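Summary of the model geometry
As a plain string of letters, each chain reads:
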Amino acid sequence: MYVDENHPHLVAFGRVYDRSTTIHNIPLGNDQVKVDVEEVRDVDARVPVPTQEVQLVGQTLNTFLAWLAHLAKCFSEQVFPYH
């Protein structure tokens, strides 16, 4: 996963659930995907879709959250359509 500060910056690795439409029963925006962060690379970077509980990438480990779709880049062909 990336953030777009001055240029795209890799901040975390995880899984993208591109067919999910909600997170914790809250609908995703049209430009958002559900992600599960498994490895944090930049703990101080701000997440692109902050919540009351999560503002920094360092707070996202093993958490489902919304991410801007254009900043969630795939590194493998494996897709996790449902969760």
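Details of the structure are given in the entry above.
Here we summarise the structure given alongside this text. (Residues numbered from 1 in each chain as written. Predicted model: local features only at pLDDT ≥ 70, side-chain atom pairs only at ≥ 80, totals over all residues. Heavy atoms only, no water.)

**Let's talk about the nonpolar core**
Worth spelling out the cut-off: Residues belong to one nonpolar core when they are buried, are Ala, Val, Leu, Ile, Met, Phe, Trp, Tyr or Cys, and are joined through side-chain atoms within 4.5 Å. Between buried and exposed lies partly exposed: a residue is buried under 20% and exposed over 50% of the maximum accessible area for its type, with that area taken using a 1.4 Å probe on protein chains only. Helical segments are the DSSP runs of H or I of at least four residues, strand segments are the runs of E of at least two, and each set is numbered from the N terminus.
Residues Met1, Val11, Val35, Val57, Leu65 and Trp67 are the most contacted members of the largest nonpolar core, which totals 22 residues. Of all elements in the fold, only strand E1 (2–4), strand E3 (12–17), strand E6 (32–40) and strand E7 (64–68) reach the threshold of two or more residues within this core.

**With respect to the environment of aspartate 31**
To keep it simple, the criterion reads: For this analysis, residues touch if any pair of their heavy atoms sits within 4.5 Å.
Relative to the helices and strands, aspartate 31 resides in the loop between strand E5 (26–27) and E6. Judged by its relative accessible area of 45%, aspartate 31 is partly exposed. With 37 residues separating them in the primary sequence, aspartate 31 and leucine 68 have C-alpha atoms 5.8 Å apart. Ignoring sequence-local partners within four residues, the contact set of aspartate 31 consists of Trp67, Leu68 and Ala69.

**Considering the packing of aromatic side chains**
Within a pair of aromatic rings, the relevant descriptors are the distance that separates the centres and the angle that separates the planes. Our working rule: Stacked, tilted and edge-to-face are the three classes assigned to paired rings of Phe, Tyr and Trp, where Trp is represented by its six-membered ring and a pair needs centres within 6.5 Å; plane angles under 30 degrees give stacked, over 60 edge-to-face, the rest tilted. Over a ring means this: the NZ of a Lys or the CZ of an Arg is within 6 Å of the ring centre and within 35 degrees of the ring normal.
In this structure the tally under the stated criterion is one aromatic pair. Lying across the ring of phenylalanine 64, lysine 34 places its NZ or CZ 4.4 Å from the centre.

**What about the sheet that holds E7?**
For sheets, the rule is that strands pair by backbone hydrogen bonds, running either parallel or antiparallel. Inclusion rule: Being paired, for any two strands, means DSSP has found at least two bridges between them. Only the stretch in contact is used when fitting a helix axis, every axis being a line fitted to C-alpha atoms; angles between N-to-C directions are given from 0 to 180 degrees.
Strand order in this open sheet of three strands is E3-E6-E7, and the pairing throughout is antiparallel. Either end of the sheet is taken by a strand with one partner, and the two such strands are E3 and E7. The average undirected angle you get between the axes of adjacent strands in this sheet is 50°. Where E3 lies against E6, six bridges are found, and the strand directions are antiparallel. What sits directly across from tyrosine 17, in E6, is lysine 34.

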